[in-house]
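# Working through the structure, step by step
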Amino acid sequence: MRKIITKIDIPLLIMMLIYSVLGLVIILSASSVSAVLRYNVSSYHFFIRQLIFILTSFFVGFNVILRFPTSKYKLFTPLLIVGILASLVGLFFYGIISNNAQSWYKIGFFNLQPAEFAKSVIIIYMAVFYQKSLKKKKVSLYYNLIPLAIAGTIFILVAMQPDLGGALIIGGIAFLIFLIVPLGKQNQLKLFKVLAIAGVIIVVGLLYSGTDILNSRQLSRLKFQNPCARYSEDTGYQVCNGFIAIHNGGLFGVGLGNSTQKYLYLPEAHTDFIFPILVEELGAIAGVLVLIGYIFILYRILKIGKEAKGNIRNMILCYGTFAFILLHLIVNLMGVLALIPLTGVPLPFLSYGGSFTINLILMLFVIQRVAIENKNTKLKRELTYLQEN
């Protein structure tokens, strides 16, 4: 284990630890009131659960993922795809309903959300698929659309829960990965035409499927501008209270634990609206530093991906994880700031959520495994060079 740890990306590991601890602190502060008054549980309820999710993820990451070569991902990728498709279909029969969406399985004290794990599964599947596809000399151009067809199927199943925010992120991840696959400009243009036609067919199919892709609550969220002018409506109440929290915080905050907006003014203070609580308690300067930290995390992922040159699988693992985190940041923060409709997407590390937290940390350990393999490859090249000279 010591030899493995010396090869991982230490700056990225430090940021993972810092943001995990920061997330625990902010979740404890943001959820302590609602845990007692709204959920009738201990004020430490969400903190303890999040701690369990984080410790479990780091344990699996260090003891399994860091030791497991990415070249062996191809052995279980088909099983992952079948499993995630089956679990998404099963939600319509066995899933529990929360916030008007049927997106979770109740497994003991844990609510499993397959859509969160679908994000990492599609990244791993596309990485393995294109690594294999680009090595083949005689393969149909349209064969390369298979991962997008599977991603489209997952998109539809998630959208039908309905979870449009999750569906859009899954679609965004798949599309952004496809953009960086080196298929050639002419080939990509041909495939984009096919994708455009398929997109129109999917949209028309969903509209005439008889399924409410957007329920009345979600349709109302399309009215997202000027939230404080609609304070008495559901579409404005939460976002406006988020604005109030940010305004209350000023530059330096009102002090950790001293938020007033967490007193049930923000019903989802420990999940979707964790950032306004952070700014209210720690201040705008702290909020900016948190955003800079996210940028640094994304930079380290891109750096590791760039160093994986020549290995399409590992490049896609990095760039796909980059897209995953970036899209969550954009959708959450822009929704909270009323720049786009609110979709209920968690903020990486800081928002409470078991499936999301586990999936996020495990994918970052996959990136650490790529960093290890980069260093192993570099060492082999140096040894080969020394032997030849």
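Read on for an overview of the structure. Because the structure is a prediction, the values reported are computed rather than measured. (Residues numbered from 1 in each chain as written. Predicted model: local features only at pLDDT ≥ 70, side-chain atom pairs only at ≥ 80, totals over all residues. Heavy atoms only, no water.)

## Some thoughts on the overall build of the protein chain
For the protein chain, the count of helices and strands is 14 helices and 3 strands. Rg of the C-alpha trace for the protein chain: 22 Å, near the compact-globule value of 21 Å for 389 residues, within the 12% margin. Referenced to the eigenvectors of the C-alpha coordinate spread, the extents of the protein chain come out at roughly 70 × 55 × 40 Å. When burial is assessed residue by residue, the protein chain has 50% of its 389 residues classed as buried. Each charge class in the protein chain can be summarised by its mean position, and for the 33 positive and 14 negative side chains these summaries are 14 Å apart. (Helix = DSSP H or I, 4+ residues; strand = E, 2+ residues; numbered from the N terminus. Rg over C-alpha atoms; globule rule 2.2 N^0.38 Å. Buried < 20%, exposed > 50% of the residue type's maximum accessible area, 1.4 Å probe, protein only. Lys, Arg positive; Asp, Glu negative; His and termini not counted. Charge placed at Lys NZ, Arg CZ, Asp CG, Glu CD.)

## Let's talk about the packing of aromatic side chains
This structure, assessed with the given rule, holds 18 aromatic pairs. Both rings, one in Phe68 and one in Phe76, keep their centres 5.8 Å apart while their planes meet at 50°; by these two values the pair is tilted. Classification of Phe68 as partly exposed rests on a relative accessible area of 29%. For Phe76, a relative accessible area of 26% corresponds to the partly exposed category. Ring centres 5.9 Å apart and planes at 45° place the aromatic pair Tyr125 and Phe129 in the tilted group. Highlighted residues: Tyr125 and Phe129, both in helix H5 (residues 114–133), separated by 4 residues, approximately one helical turn. Residue class for Tyr125 comes out buried when judged on its relative accessible area of 12%. A relative accessible area of 9% means that Phe129 is categorised as buried. (Phe/Tyr/Trp six-rings, centres within 6.5 Å; stacked < 30°, edge-to-face > 60°.)

## Re the pairing of strand E2 (residues 101–107)
Of all 7 residues that make up E2, 5 are buried, and the element is covered over most of its length. Two strands pair when backbone bridges link them, and strand E1 (residues 96–98) and E2 are joined in this way by 3 bridges, in the antiparallel orientation. Residue pairing in the sheet places Ser98 in a bridge with Ala101 of E2. Between E1 and E2, which pair antiparallel in sequence order, lie 2 residues; one of them, Asn99, sits at a positive phi of approximately 55°. Summarising the sheet, E2 and strand E3 (residues 110–112) pair through 3 bridges and their orientation is antiparallel. Bridge assignment links Tyr105 to a residue of E3, and that residue is Leu112. Counted along the chain from E2 to the antiparallel partner E3, the turn is 2 residues long, and its residue Gly108 has a positive phi close to 60°. (Pairing = 2+ DSSP bridges.)

## A few points about the side chain of Ser34
The residue Ser34 is located in helix H2 (residues 10–37) in this model. Sequence-distant contacts of Ser34, defined by excluding residues within four places in its chain, comprise Tyr39, Leu264 and His270. (Contact = heavy atoms within 4.5 Å.)

## Overview of the sheet that holds E1
Spatially, E1-E2-E3 is the arrangement adopted by the 3 strands of the open sheet, whose pairing is antiparallel. Of all the strands in the sheet, the pair left with one neighbour each is E1 and E3. Ignoring strand direction, the axes of neighbouring strands in this sheet form an average angle of 50°. Where helix H4 (residues 77–94) meets the sheet, its contacts fall on E1 and E2, and the angle it forms with E2 comes to roughly 95°. (Axes fitted to C-alpha atoms, helices over the stretch in contact; angles between N-to-C directions.)

## Points about the packing of H2 against helix H11 (residues 274–282)
The contact between H2 and H11 brings their axes to 10 Å, and the two run at 90°. Judged by the angle between their axes, H2 and H11 are roughly perpendicular. Listed contacts from H11 to Leu22, Ile26, Ile27, Ser29 and Ala30 of H2 are Ile274, Ile277, Leu278, Glu281 and Leu282. Looking at the contact of H2 with H11 residue by residue, the classes come out as 8 nonpolar, 1 polar and 1 charged. (Parallel < 35°, antiparallel > 145°, perpendicular 65-115°, else oblique. Nonpolar A, V, L, I, M, F, W, Y, C, P; charged D, E, K, R; others polar.)

## Quick notes on H11
Most of H11 is tucked away: 8 of the 9 residues are buried. Among the residues trailing H11, Gly283 stands out with phi positive, at a value near 100°.

## Overview of a nonpolar patch on the surface
Taken together, the side chains of Leu251, Phe252, Ile285, Val288, Leu289 and Ile292 define a hydrophobic patch exposed on the protein surface, amounting to about 610 Å² of accessible area. Assessed through its relative accessible area of 45%, Val288 is described here as partly exposed. (Patch = residues over 30% accessible without salt bridge, like charges linked within 9 Å, V, L, I, M, F, W, Y side chains within 5 Å. Areas by Shrake-Rupley, 256 points an atom, 1.4 Å probe, with all protein chains shown as cover. Salt bridge = Lys/Arg side-chain N within 4 Å of Asp/Glu carboxyl O.)

## Here's the deal with the side chain of Asp163
Position of Asp163 among the secondary structure elements: in the loop between helix H6 (146–159) and helix H7 (164–180). Lacking a salt bridge, the buried Asp163 has Lys119 as its closest oppositely charged neighbour, with an N-O distance of 6.3 Å. Beyond its immediate stretch of four places on either side in the chain, Asp163 contacts Ser103, Gln113, Ala115 and Val158.

## Examining the environment of Val336
Relative to the helices and strands, Val336 resides in helix H13 (residues 312–336). It is 20 Å that separates the C-alpha atoms of Val336 and Pro162, two residues lying 174 residues apart in sequence. Residues in contact with Val336, not counting those within four places in the same chain, are Val239, Phe243, Asp272, Phe273, Pro276 and Leu342.

## Quick notes on the packing of H11 against helix H12 (residues 284–307)
Each pair of packed helices gets described by two things: the angle between the helix axes and the distance between those axes. Contact geometry for H11 and H12: axes closest at 6 Å, N-to-C directions at 130°. Put simply, H11 runs oblique to H12. When H11 is examined against H12, the residues Phe275, Leu278, Val279 and Leu282 are found in contact with a partner set consisting of Ala284, Ala286, Gly287, Val290 and Leu291. Tallied by class, the residues present in the contact of H11 with H12 amount to 8 nonpolar, 1 polar and no charged.

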